[in-house]
Amino acid sequence: MQTEEFTALELSADGSRALTMAGARTDTSDSMVQAWELATARCLWRLPEKRQVNAMALSADGRRAVLAVIAGPRRHEIQVWDIDRGRLVHSMTGPGWIVTTLTLSPDGRFALAAVEEDRRLRLWDLDKGRCLRTFHGRRADHRGPLISVGNHATVAVDEDEARWLSWDPPGMFTAAPALGRPRRQVDLDRHGRWAAALLAAAEKALAAGRTPEALDLVKRARAVPGHERDPRAMDLWRTLGATATRAGLRSIGPVRTLRALTTVSSVAVSADGRVACGAGGGVVRLWDTASGAQIVEWEDDGSGGVGLTGGGRRVVASGRQKIVMRSAPAGHWPVRLDTDPRDGLRGRRGIGVTGDRGTASVSAAGLVLAACMDTGLRMWDITEGECVRTLPGHGVQVNSVWLDPDARRAVSAHYDGSVRVWDIDAGTHVTVSQPGAWVSSACLSADGRYVLNAGEHEGWTLWLTDAVTGRFVRGFGEVRDDEKAMDEDDEPCEVWVARLSSDGRFAFSGDGEGYVHIWETATGRRIRTLEGHAEEVQDLALTPDDRLLLSGSADGTVHQWELDWELAASEGEGEASR
């Protein structure tokens, strides 16, 4: 029988309860965690199974246990357990290596975690189950204790230095409380009749071609109390959005989280927004965006790029030196391209999709542009199973490829900062040289005038260049100066993916800390930040009408967001309708 020894002990504030961790002498990778009532020496709760637990904390009242569990390479979970009920309250996945130290605020609402080899401290909201803030550290790791001195301030102690950290109390309001009362039924009926009358008038105006008038009527209908998201108003609003100018973003909200992948390296959404696709870790999955239900799952690699064609009825996946397509209802891959016919010949370089992951982009018509092992770019017609275009390479293997929906223009980029803008029909390109830069992702605006780059260029992590001259046009956010660039505390977060809205007025980026940012391209100003992912965002996808946004992360989740745009009549529409 294996003997156990205690490796950690936590006591509640009143000394009535204890949390212990013990590991077998013959297997130090797994731990047994138990909660005890000290007066009776009774075990109140134990971790259901042995897990690799690296740090733990007990709330002051002894009712909540917080564990740092190692979930895999460079991944950890912060688990919150209700000891009295014996159930898992939250499981929060975070990036980084191993959590070396974990401490709770006096009220047990917040946890501060130090992550080995990460130079950062992360603040977690245990009630909401999410990371609130990341503090940048000076040292390579934080092995010393973290001493909590209040709910919104902490002293972080390293081996030979201490730092004071503070944060604003989340969820607190300074405004005076306002009393409200339920609306009377007579008011609700009156609002409903008024909104219905406005929407009926808007439908008539739209049918008569009076778009500005219809837009104004729908705006007024959405301003009626209780009818901001009226389904009839939203249908008209989206119809008008096809011709109106997007003046801003009214709101954006999470619809749902699509789970069950170990990692998500690429995402896609059908043109009508009804089907979502996520790929990574050797698995491709499809979901119904209306319900979040999984449609089908296949074990095949799509980490190099996935796309949906035919209204979501066909899926194209690239990776592991192959390109495959299948119909959603089918049980097999009907088309499988041999992209590397020379792979078996000794001493010759194949033309297959680059490496195990590769990189590719899929157009709406089912054409696939992929980077190949001989550093060239090739386009395949997946329906016919033929290579229809060969483009000369960069001389190095490409790490990012973007193909526009009609497959007429493309962008390819390499980490060395070189970007090529392609005219597919002519087979020609313009080279955008950016010395000293590195590019992780690039895409082209709808009018073909600008390239949106992600990576690093003179302190910028997201920037716009002229697609013809290569001239730097604009950076997004705040650039770091030379002094800040030398400061480890001011390291910018890496941006892994960049996309543009269909009209080019807004940019979307996904970074290494799990955030999605929305920017105005005309000013470079950030207008919204979306939270929810625990690890880096590796891919983004938008419907053609920019109504739905998908974000795929290394944490294994795909988040579905709905965007509600502020609309204005396009120039010339007012005069034309008079």
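Residues numbered from 1 in each chain as written. Predicted model: local features only at pLDDT ≥ 70, side-chain atom pairs only at ≥ 80, totals over all residues. Heavy atoms only, no water.

S.K.: Would you take a moment to explain the sheet that holds strand β33 (residues 438-444) for this structure?
M.R.: Strands belonging to one sheet form pairs held by backbone hydrogen bonds; the direction of such a pair is parallel or antiparallel. Taken in spatial order, the 4 strands of this open sheet run β33-β34-β35-β36, and their pairing is antiparallel. Single-partner strands in this sheet number two, and they are β33 and β36 (472-475). Strand after strand, the sheet turns through a mean of 25° between neighbouring axes, direction not considered. With 6 bridges connecting them, strand β34 (residues 450-457) and strand β35 (residues 460-466) associate as antiparallel partners. (Pairing = 2+ DSSP bridges. Helix = DSSP H or I, 4+ residues; strand = E, 2+ residues; numbered from the N terminus. Axes fitted to C-alpha atoms, helices over the stretch in contact; angles between N-to-C directions.)

S.K.: I would appreciate a short explanation of the pairing of strand β29 (residues 400-403) in the present structure.
M.R.: Along any regular strand the residues' side chains alternate between the sheet's two faces. Side-chain alternation along β29 places Ser400 and Trp402 on one buried face and Val401 and Leu403 on a second face that is also buried. Of the strand pairs in this sheet, β29 and strand β30 (residues 409-413) are connected by 4 bridges, and their pairing is antiparallel. Following the sheet pairing, tryptophan 402 is matched in β30 by valine 411. Counted along the chain from β29 to the antiparallel partner β30, the turn is 5 residues long, and its residue alanine 407 has a positive phi close to 60°. (Buried < 20%, exposed > 50% of the residue type's maximum accessible area, 1.4 Å probe, protein only.)

S.K.: Could you clarify how one ought to interpret helix α3 (residues 231-241) in this entry?
M.R.: Structural remark: α-helix, 3.6 residues per turn; residues separated by three or four positions point the same way. Within α3, burial applies to Ala233, Met234, Leu236, Trp237, Leu240 and Gly241. The arc that holds the buried residues of α3, viewed along the axis, is 165°, so those residues lie on one side. Looking at the buried residues of α3, the elements they touch are α1 (185-207), α2 (211-222), β16 (245-258) and β43 (558-568). (Arc of directions from axis to C-beta. Contact = heavy atoms within 4.5 Å.)

S.K.: Help me out: how do you make sense of the packing of aromatic side chains in this one?
M.R.: The description of an aromatic ring pair uses the distance of the two centres, along with the angle that the planes make with each other. Considering all chains together, one arrives at 5 aromatic pairs under this definition. With 5.9 Å between their ring centres and 75° between their planes, phenylalanine 476 and tryptophan 519 make a pair best called edge-to-face. Here phenylalanine 476, found in the loop between β36 and α4 (482-485), pairs with tryptophan 519, found in strand β39 (residues 516-520); they are 43 residues apart in sequence, far enough to count as distant. Of note, arginine 222 hangs over the ring of tryptophan 237, and the distance from its end group to the ring centre comes to 5.1 Å. Sitting above the plane of the tryptophan 565 ring, arginine 246 keeps its charged end 5.3 Å from the centroid. (Phe/Tyr/Trp six-rings, centres within 6.5 Å; stacked < 30°, edge-to-face > 60°. Lys NZ or Arg CZ within 6 Å of the ring centre and 35° of its normal.)

S.K.: Whenever I open this one, unusual backbone geometry confuses me. Can you help?
M.R.: The general pattern is negative phi for most residues beyond glycine and trans for most peptide bonds. Even without being a glycine, alanine 407 presents a positive backbone phi close to 60°. The residue alanine 407 is located in the loop between β29 and β30 in this model. The backbone of glutamate 458 shows a phi angle near 55°, a positive value even though the residue is not glycine. Among the secondary structure elements, glutamate 458 is positioned in the loop between β34 and β35. Note on glutamate 458: relative accessible area 64%, which makes it exposed.

S.K.: How do you make sense of the pairing of strand β41 (residues 537-542) when you look at a structure like this?
M.R.: With 6 of its 6 residues buried, β41 lies for the most part within the structure. Note: β41 against strand β42 (residues 548-553), 5 bridges, orientation antiparallel. Bridging across to β42, leucine 542 finds its partner in leucine 549. The turn linking β41 back onto β42 is made up of 5 residues, and aspartate 546 within it adopts a positive phi angle of 60°.

By themselves, these figures tell us nothing about what the structure is for.
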